[in-house]
Amino acid sequence: MEATLLLRHASVLVTMDGARREIADGAVLVRGNRIAAVGTSSELQQHADETIDLAGHVLIPGLVNTHHHMFQSLTRAVPAAQDCELFDWLRTLYPIWCGITPEMIRVSTQTAMAELMLSGCTTSSDHLYLYPNGSRLDDAIEAAAGIGMRFHACRGAMTVGESKGGLPPDRLTEREDDVLRESRRLIETYHDASPGAMLRIALAPCSPFSVSQDLMRESARLARSYGVGLHTHLAETALDVAYSLAHFGRTPAQYAEELEWLGHGVWHAHCVCLDDHGIRLFAGTHTGVAHCPSSNMRLGSGIAPVKRMRAAGVPVGLGVDGSASSDAGHLLAEARQALLLARVGGDPAGLRAREALEMATVGGAAALGRDDIGAIEVGKCADLVAFDLRGIDHAGAWHDPVAALTLCAPVKAALSVINGRVVVRDGHLLTLDLVPLVARHNTLAKQLVNGA
């Protein structure tokens, strides 16, 4: 008999189902790792193996983070990189990242995931594209299993260094044959294609300015032969677009089209400079976008055309991006930033509060090519989070508690359930001890930066 969990008396239950229902005095019954019933508290059965009362809380689907570089949490607020645009920022940090070790990958992954989980995130991708000193994607995968987060592990790579006209130093690049061989090994070892999977692999050559066209093309073919996702950076800045035009004679969208980097399960990070042709192309092929507003503002990259993308039908999710370009990993805060950034150009309805939440949940799931997460519906994965709105941050905001989640100051999740398992209770992470983790993380961060 599968264990049951009853969440009841939520002040508002935000389903993000097809009808976008919001249920007052809402309740959810979880059986095993799946949602078994959704409705009002009076409609659902009154007994379960565990019952949690959520009076004063808003209950929503677990948030989905579509883009991150978790190792970068080791290099937050590095003074020399605080005021740089993207390319200079990378040139400043690449030499530091050369010192990353397997332990640093494991510890930074758990640190980043803990921060995400406490912000209401239940599923995250991570784009790990450099592997110095024996580091492997396995290190991040093992860390994710230990903390209990649903994980899309993206095997990144850089193969075109400075000597070949690329941006990264040669010592951070790999041989393309080695990248493809390692990609196959990871897929065959770890990828779970079944519905409700806790771990999936995606192939993720880093960017047009750090890998060859051949690797992009071969990665796409390899991914499709195994049925796994594809992820990269695209059209992040004006310099990024200029590089594409100068080196390939194509816009970023044309580059993606020629190399077969379009379609369901393909998602591109940033797309700040995606043109109208690219938007139509992405919409017609159901190609996803990871919108990273904090990172784009931090690096002065610009404002992604999110409203036009969504209106055209592009699946748009949210990403916190690396914690050395946004310096934060709070996904609910990222939803608020998305809302504000969409309005700063003069459109007070550029992105509405519920649209921001939609991007953070079902939109992120669509960008990752998943239909089993992102909404509270019978049969979907039991990934649910609740926010307590009885504190000072939401005083006076009960006129619309759902909108208050993104219009008011973001708070930590009071409750998080991932795959039917309670992992955050009363705002505290249950799956590991944060005090020694953060202490070790700070020690390693100091060693990394000082060693450079």
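Residues numbered from 1 in each chain as written. Predicted model: local features only at pLDDT ≥ 70, side-chain atom pairs only at ≥ 80, totals over all residues. Heavy atoms only, no water.

A short note on the confidence of the model for the protein chain
The predicted model of the protein chain has a mean per-residue pLDDT of 97, with 100% of residues at 70 or higher. Summarising per-element confidence for the protein chain, the mean pLDDT is lowest in helix H6 (residues 238-248) (93) and highest in strand S5 (residues 57-61) (99). (pLDDT = per-residue confidence, 0-100. Helix = DSSP H or I, 4+ residues; strand = E, 2+ residues; numbered from the N terminus.)

Notes on the pattern of salt bridges
Pairing between side chains becomes possible if they bear opposite charge and their charged atoms approach one another. Summed over the entire model, instances satisfying the criterion amount to 28 salt bridges. When the shortest N-O distance is used, the salt bridge between arginine 217 and aspartate 214 registers 3.6 Å. Of this pair, arginine 217 and aspartate 214 are both found in helix H5 (residues 213-226), 3 residues apart, which corresponds to roughly one turn of the helix. Bridged by salt links that share partners, the residues Arg20, Arg310, Glu355 and Glu358 form one connected network. (Salt bridge = Lys/Arg side-chain N within 4 Å of Asp/Glu carboxyl O.)

Some details on H6
Since the α-helix turns once every 3.6 residues, residues separated by three or four places project in the same direction. Considered for burial, the residues of H6 that qualify are Asp240, Val241, Tyr243, Ser244 and Phe248. Looking straight down H6, one finds its buried side chains confined to an arc of 155°; they lie on one side. Among the exposed residues of H6, those oriented more than 90 degrees off its buried face are Ala238 and Ala246. Along its buried surface, H6 packs onto helix H1 (86-97), H5, strand S10 (229-234) and helix H7 (252-258). Sitting at the head of H6, threonine 237 places a side-chain oxygen 3.3 Å from the backbone nitrogen of leucine 239. Once H6 finishes, glycine 249 follows within two positions and takes phi at roughly 70°, a positive value. (Buried < 20%, exposed > 50% of the residue type's maximum accessible area, 1.4 Å probe, protein only. Arc of directions from axis to C-beta. Contact = heavy atoms within 4.5 Å. Polar contact = N/O pair within 3.5 Å; in protein donor to acceptor, adjacent residues only side chain to side chain.)

Quick look at the packing of aromatic side chains
Overall, the coordinates contain 8 aromatic pairs when judged by the stated rule. Between the aromatic rings of tryptophan 89 and tryptophan 97, the centroid separation amounts to 5.8 Å while the plane-to-plane angle is 75°, which identifies the pairing as edge-to-face. There is no split in this pair, since tryptophan 89 and tryptophan 97 are both buried. Between phenylalanine 209 and tyrosine 243 the ring centres are 6.2 Å apart and the planes differ by 80°, which places this aromatic pair in the edge-to-face class. With phenylalanine 209 in the loop between strand S9 (199-205) and H5 and tyrosine 243 in helix H6, this residue pair connects regions lying 34 residues apart in the sequence. Across the pair, tyrosine 243 and phenylalanine 209 agree in class, each one buried. Three or more aromatic residues joined by ring pairs form one cluster here, namely Phe71, Trp89, Tyr94, Trp97 and Tyr129. The ring of tyrosine 131 has arginine 155 sitting right over it, with the charged end atom 4.0 Å from the ring centre. (Phe/Tyr/Trp six-rings, centres within 6.5 Å; stacked < 30°, edge-to-face > 60°. Lys NZ or Arg CZ within 6 Å of the ring centre and 35° of its normal.)

Let's talk about the environment of proline 305
One can find proline 305 in the loop between helix H9 (293-298) and helix H10 (306-312). With 31 residues separating them in the primary sequence, proline 305 and leucine 274 have C-alpha atoms 7.6 Å apart. Ignoring any residue separated from it by four or fewer positions in sequence, one finds proline 305 in contact with Cys271, Val272, Leu274 and Ile279.

Looking at the state of the cysteines
Following the criterion strictly, the structure yields 0 disulfides and no others. Not engaged in a disulfide, the cysteine cysteine 98 finds its nearest cysteine sulfur in cysteine 206; these two sulfurs lie 14 Å apart. (Disulfide = S-S within 2.5 Å.)

Some words on the pairing of S5
With respect to burial, S5 is a largely interior element, 5 of its 5 residues being buried. Bridge analysis of strand S1 (residues 4-14) against S5 gives 2 bridges, and the strand direction is parallel. If you follow leucine 13 over to S5, its bridge partner there is leucine 59. Note that S5 and strand S14 (residues 384-388) share 5 bridges and pair antiparallel. Paired with leucine 59 across the strands is alanine 386, a residue of S14. (Pairing = 2+ DSSP bridges.)

Some details on the nonpolar core
The tendency in soluble globular proteins is for nonpolar side chains to be buried as a group. Counting 125 residues, the largest nonpolar core has Trp89 and Trp97 as its most contacted members. Among the elements that line this core, the one with the most residues is helix H2 (residues 102-118), at 9 residues. Apart from residues no more than four positions distant in its own chain, tryptophan 89 is found in contact with Gln72, Ala81, Cys84, Trp97, Arg298, Leu299, Ala324 and Ser325. Within the second largest apolar cluster, 19 residues are counted, among which are Leu5, Ile23, Val38 and Leu54. (Core = buried A, V, L, I, M, F, W, Y, C linked by side-chain atoms within 4.5 Å.)

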